[in-house]
Amino acid sequence: MAKSDGYDVIVGGGLCGLTAGVFLAKGGHRCLLLEKNTQVGGLAQSCVFDDIVFDLGPHVLYDQDSSRAAKFLREALGDAQIIKRAFRYGIVSEGTTYKIPMMFDPLKYPFRYKCEIISMLLKIAQSNAPNGSIRHSIESHFGRSFYEHVFAPMIWKKTGQNGGATHMEWLIRPCRDINNIKKPPPVKIGGNLLETFRNFFSLRDYYYPVNGYGEYARQLKKLYEDVGGELILNCGPVSLNIENYVLKNIIVSGKSFSIRNLIWTGSVNELNRLIGGSPFSQSYMQSCFVFLTYDGKRKGDNRLLYTYHTQNDEIFVRAYYPGNIYGEHGPEHKDGICLEINHFPGIEKMSDQEIINTCIKNVEASGAFESSALRESKIIYWKDSMPIYGIEYESVMMKLFENVKRISNVYSVGRTGGYYFCMSPAAVEQGMEVAEWILEKEVY
């Protein structure tokens, strides 16, 4: 097939899809990127609300990440101004904030926690939780009491599952290739135990663009268009025409486009529905984000990127603080907070205003802002925001992708398309790999 005979179509304008588009267009392919929203970036996008930059996140790109994907992201920014911060977050449980990385904080933990941590390190005690679960992994390092009082309620509010039913790979996020197969873990000096200690006990720096994390997506979009890539925003529903296990056409807004390859980064459940594939489906978390702005500055630790909140009387699971990232680059006399709500019983019966009002009360109760200082509020819903791994998720994934893989020119990748709970560099890496696969396949 001649290059002019069809498009490489990318569905989804997140970091994975944008990267694939850049590499394919650079390779001389005619590319069409379809995005259902009015701007690219997916969950890695930013918006300015009441003069404050809010991210749908937040996100982290570590400065010591030497992978080619991280390097590509940094180079994409060009001369854009960058903020460098030390990465640390907190889990708020029963009025105490447990900070991670922990550094020397465990020395101040309750005596029971310290005894159990030492017992686990010395292998005097062990976890009875299911092998492979988050609960087993955390208890094996920090003991049962610390897990039950700090991590367990956070995992429940984040995923809607208990830690014993959630696979530990949801937490550690192993790398996957474009065929959804786990890659061997990189060999690290000192092995996994040393790596665990580094992650939990030592600080790492991260980078953030002054104009928001969405700057990465904006610059990738510019790169994509500069090399001839075509883009349709707010594209609406799509339908597919498949013949003899080959995708021939994609129909968008009543217009048909001939297909050479399809790179799908949306929900794999939706892709299966379109191709008439497996009735099997995996669980995604449905999230909403509440932006609140206030007169004055937030009270509390300004070194934490975000905090998880475990109490059942707080509707949100995570609070992210734009002022802690942007500091002097933000407005001088006002501040904001972004609240992430994932699993909260009864939220589906609440109106937008009821959700916002509950968040305002929770924020005041936390001591961050007084309700009387509220300026503006906004709520955003995000469908299929992240995959949720059950203990047997690998075997479920095999069934989920069975029919997708039968179609020779369709690739389902990324966080939602690949059912791969990944961070930005891993999403970019998948975009690179699927583009390279297509370009190499054409050669041979």
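Remember, it's a predicted structure, so these values are computed and weren't measured experimentally.

Novice: Got a minute to help me understand the overall build of the chain in this structure?
Specialist: Within the chain, the secondary structure is distributed over 14 helices and 19 strands. For the chain, whose C-alpha radius of gyration is 22 Å, the value lies close to the compact-globule estimate of 22 Å for 444 residues. For the chain, the C-alpha atoms occupy an extent of roughly 70 × 55 × 45 Å along the three principal directions. By residue count, 53% of the 444 residues in the chain fall in the buried class. Surface exposure of the chain reaches about 20100 Å², of which carbon and sulfur atoms provide 53%.

Novice: What is the right way to read the nonpolar core from this model?
Specialist: For soluble globular proteins, nonpolar side chains are generally found buried alongside one another. Val9, Leu34, Phe146, Phe151, Ile250, Leu262 and Phe291 are the most contacted members of the largest nonpolar core, which totals 115 residues. Excluding residues within four positions of it along the chain, Ile250 makes contact with Val9, Val11, Leu34, Val238, Ser239, Leu240, Lys255, Ser256, Phe257, Ile259 and Leu262. Residues Tyr294, Ile315, Ala319 and Ile337 belong to the second largest nonpolar core, which totals 22 residues.

Novice: Explanation requested: the confidence of the model for the chain in the structure shown.
Specialist: Close inspection of predicted coordinates is inappropriate for parts of the model with low pLDDT. Of the residues in the chain, 95% have a pLDDT of 70 or more, and the chain-wide mean is 91. When the criterion is pLDDT under 50, residues 189-193 qualifies, and its contacts beyond four places in sequence or with other chains add up to 2 contacts.

Novice: Teacher, can you tell me more about unusual backbone geometry here?
Specialist: Of all residues except glycine, most have a negative phi; of all peptide bonds, most are trans. Omega for the peptide link from Ile100 to Pro101 comes to 0°, which places this bond in the cis form. In this structure, Met103 is a non-glycine residue whose phi angle is positive, near 55°. Relative to the assigned elements, Met103 resides in the loop between strand E8 (96-100) and helix H3 (111-121).

Novice: Sorry if this is basic, but what is going on with the packing of aromatic side chains here?
Specialist: Each aromatic ring pair is characterised by the separation of its centres together with the angle its planes make. Under the definition given, this model contains 29 aromatic pairs. Relative to Tyr308, the ring of Tyr89 lies with its centre 5.9 Å away and its plane at 85°, an arrangement referred to as edge-to-face. Of this pair, Tyr89 sits in strand E7 (residues 89-93) while Tyr308 sits in strand E15 (residues 306-309), and the two are 219 residues apart along the sequence. An identical accessibility class is assigned to Tyr89 and Tyr308; each is buried.

Novice: What should I look at first to understand the sheet that holds E15 in this one?
Specialist: Consider a sheet: its strands pair through backbone hydrogen bonds, and that pairing is either parallel or antiparallel. Reading across the sheet, the 7 strands line up as E8-E7-E15-E16-E17-E14-E18 and stay open at both edges, with mixed pairing between neighbours. One side of each edge strand has no neighbouring strand; the edge strands of this open sheet are E8 and strand E18 (374-387). On average, each strand axis in the sheet is tilted by 20° relative to the strand beside it, whichever way the strands run. In this sheet, E8 lies alongside E7 in antiparallel orientation, the contact comprising 5 bridges.

Novice: Please explain the state of the cysteines as it appears in this structure.
Specialist: Two cysteines, two sulfur atoms, one covalent bond between them: this is a disulfide. For the coordinates displayed, the defined rule picks out 0 disulfides. Here Cys338 is not cross-linked by a disulfide; its sulfur's nearest cysteine counterpart is in Cys47, at 8.5 Å. By relative accessible area, which is 1% here, Cys338 ends up buried.

Novice: Help me out: how do you make sense of helix H2 (residues 68-76) in this one?
Specialist: Owing to its 3.6 residues per turn, the α-helix aligns residues three or four sequence positions apart on the same side. For H2, every residue scored as buried is listed here: Ala69, Ala70, Phe72, Leu73 and Ala76. Along the long axis of H2, the arc covered by the buried residues comes to 160°, so they all point the same way. Positive phi appears at Gly78, one or two residues downstream of H2, with a value of about 60°.

Novice: How should the pairing of strand E9 (residues 204-209) be read in this particular structure?
Specialist: Within a regular strand, the side chains alternate between the two sheet faces. In this sheet, E9 lies alongside strand E5 (residues 61-62) in antiparallel orientation, the contact comprising 2 bridges. Looking at the pairing, Leu61 lines up with Tyr207 of E9. Two elements, strand E6 (residues 82-87) and E9, share 6 bridges in a ladder whose sense is antiparallel. For Phe87, the partnering residue across the bridge sits in E9 and is Arg204.

Novice: Can you help me understand the pattern of salt bridges in this one?
Specialist: When charged atoms on two side chains of opposite charge get close, those side chains can pair. Inspection of every chain in the model, using the stated rule, returns 27 salt bridges. A salt bridge links Asp50 to Lys334, with the shortest nitrogen-to-oxygen separation between them at 3.2 Å. Pair noted here: Asp50 is in the loop between strand E3 (46-49) and strand E4 (52-55) and Lys334 is in strand E17 (residues 334-341), with a separation of 284 residues, a long-range link. A salt bridge links Asp63 to Lys84, with the shortest nitrogen-to-oxygen separation between them at 3.4 Å. Of the two residues, Asp63 is situated in the loop between E5 and H2 and Lys84 in strand E6; the sequence distance between them amounts to 21 residues.

The rules we used
- Residues numbered from 1 in each chain as written.
- Predicted model: local features only at pLDDT ≥ 70, side-chain atom pairs only at ≥ 80, totals over all residues.
- Heavy atoms only, no water.
- Helix = DSSP H or I, 4+ residues; strand = E, 2+ residues; numbered from the N terminus.
- Rg over C-alpha atoms; globule rule 2.2 N^0.38 Å.
- Buried < 20%, exposed > 50% of the residue type's maximum accessible area, 1.4 Å probe, protein only.
- Areas by Shrake-Rupley, 256 points an atom, 1.4 Å probe, with all protein chains shown as cover.
- Core = buried A, V, L, I, M, F, W, Y, C linked by side-chain atoms within 4.5 Å.
- Contact = heavy atoms within 4.5 Å.
- pLDDT = per-residue confidence, 0-100.
- Phe/Tyr/Trp six-rings, centres within 6.5 Å; stacked < 30°, edge-to-face > 60°.
- Pairing = 2+ DSSP bridges.
- Axes fitted to C-alpha atoms, helices over the stretch in contact; angles between N-to-C directions.
- Disulfide = S-S within 2.5 Å.
- Arc of directions from axis to C-beta.
- Salt bridge = Lys/Arg side-chain N within 4 Å of Asp/Glu carboxyl O.

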